[in-house]
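# Geometric and topological summary
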Amino acid sequence: DIYSVAWTDYSGTSTVVGWSSTSALYIYYKKIGKLVFVAFQIIGTSNSTAVTFTLPYANNFFGTIHCAGQGMDNGSYLTTLPMIDFGATLSTVTVHRDGAGATWTNSGGKRVAGEFWYPTAT
């Protein structure tokens, strides 16, 4: 059940793209039946205009899951919310700089954080 199932730290296993180094890397999930809850925060020095990370279970939703997160780009906190984008049948999450799909700056401090849930087939 949701109360007794522990959160699993996936930080060291996930393939993370977008940072040359991180000062904080937290990717946790909790799987209950076929429902997966995710909480993440990644902070560090940017080296890419992209932000992606992998999860252990593929999204089994009929379409792409979209939700907002929180972020910092090139050392400044964003005034628009980053968009978390998790495509159907995929296990890679993409975080866009904003809801329009803008890319990140490939230098300076970068931070993304958020929470979401999704169904999986297994």
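Notes on the structure in this doc start here. (Residues numbered from 1 in each chain as written. Predicted model: local features only at pLDDT ≥ 70, side-chain atom pairs only at ≥ 80, totals over all residues. Heavy atoms only, no water.)

## Quick notes on the overall build of the protein chain
Assigned secondary structure in the protein chain consists of zero helices and eleven strands. Written out in order from the N terminus, the α and β elements of the protein chain read β-β-β-β-β-β-β-β-β-β-β. In summary, the protein chain has a C-alpha radius of gyration of 14 Å against a globular reference of 14 Å for 122 residues, a match within 12%. With the principal axes as the frame, the protein chain shows a C-alpha extent of 40 × 30 × 20 Å. By residue count, 38% of the 122 residues in the protein chain fall in the buried class. For the protein chain, restricting intrachain contacts to residue pairs at least 6 apart in sequence, the fraction spanning at least 24 positions comes to 62%. Accessible surface, the protein chain: about 6,200 Å² in total, of which carbon and sulfur atoms supply 55%. (Helix = DSSP H or I, 4+ residues; strand = E, 2+ residues; numbered from the N terminus. Rg over C-alpha atoms; globule rule 2.2 N^0.38 Å. Buried < 20%, exposed > 50% of the residue type's maximum accessible area, 1.4 Å probe, protein only. Contact = heavy atoms within 4.5 Å. Areas by Shrake-Rupley, 256 points an atom, 1.4 Å probe, with all protein chains shown as cover.)

## Section: the sheet that holds strand S8 (residues 76-77)
Taken in spatial order, the six strands make up an open sheet running S1-S3-S4-S11-S7-S8, and their pairing is antiparallel. Each edge of the open sheet carries a strand with a single partner, namely strand S1 (8-9) and S8. (Pairing = 2+ DSSP bridges.)

## Examining the environment of Thr49
Within the element layout of this structure, Thr49 appears in the loop between strand S4 (35-46) and strand S5 (52-54). Put simply, Thr49 and Gln70 are 21 residues apart on the chain and 16 Å apart in space, counted from C-alpha to C-alpha. With sequence-adjacent residues up to four places away left out, Thr49 is seen in contact with Thr103, Trp104 and Asn106.

## Some points on the pattern of salt bridges
All told, the structure shown has one salt bridge when counted by the stated rule. One salt bridge connects Arg97 with Asp73, and the closest N-O pair in it is separated by 2.7 Å. Remark: Asp73 occurs in strand S7 (residues 70-73) and Arg97 occurs in the loop between strand S10 (92-96) and strand S11 (109-119); sequence separation between them is 24 residues. The partly exposed category is assigned to Arg97, whose relative accessible area is 26%. (Salt bridge = Lys/Arg side-chain N within 4 Å of Asp/Glu carboxyl O.)

## Some remarks on the sheet that holds strand S6 (residues 65-68)
Strand order in the open sheet formed by five strands is S2-S5-S10-S9-S6, with antiparallel pairing between adjacent strands. What marks the edges here is a single partner per strand, and that holds for strand S2 (16-17) and S6. Sheet topology note: the S6/strand S9 (residues 83-86) ladder contains four bridges and is antiparallel. The residue of S9 that forms the bridge with His66 is Asp85.

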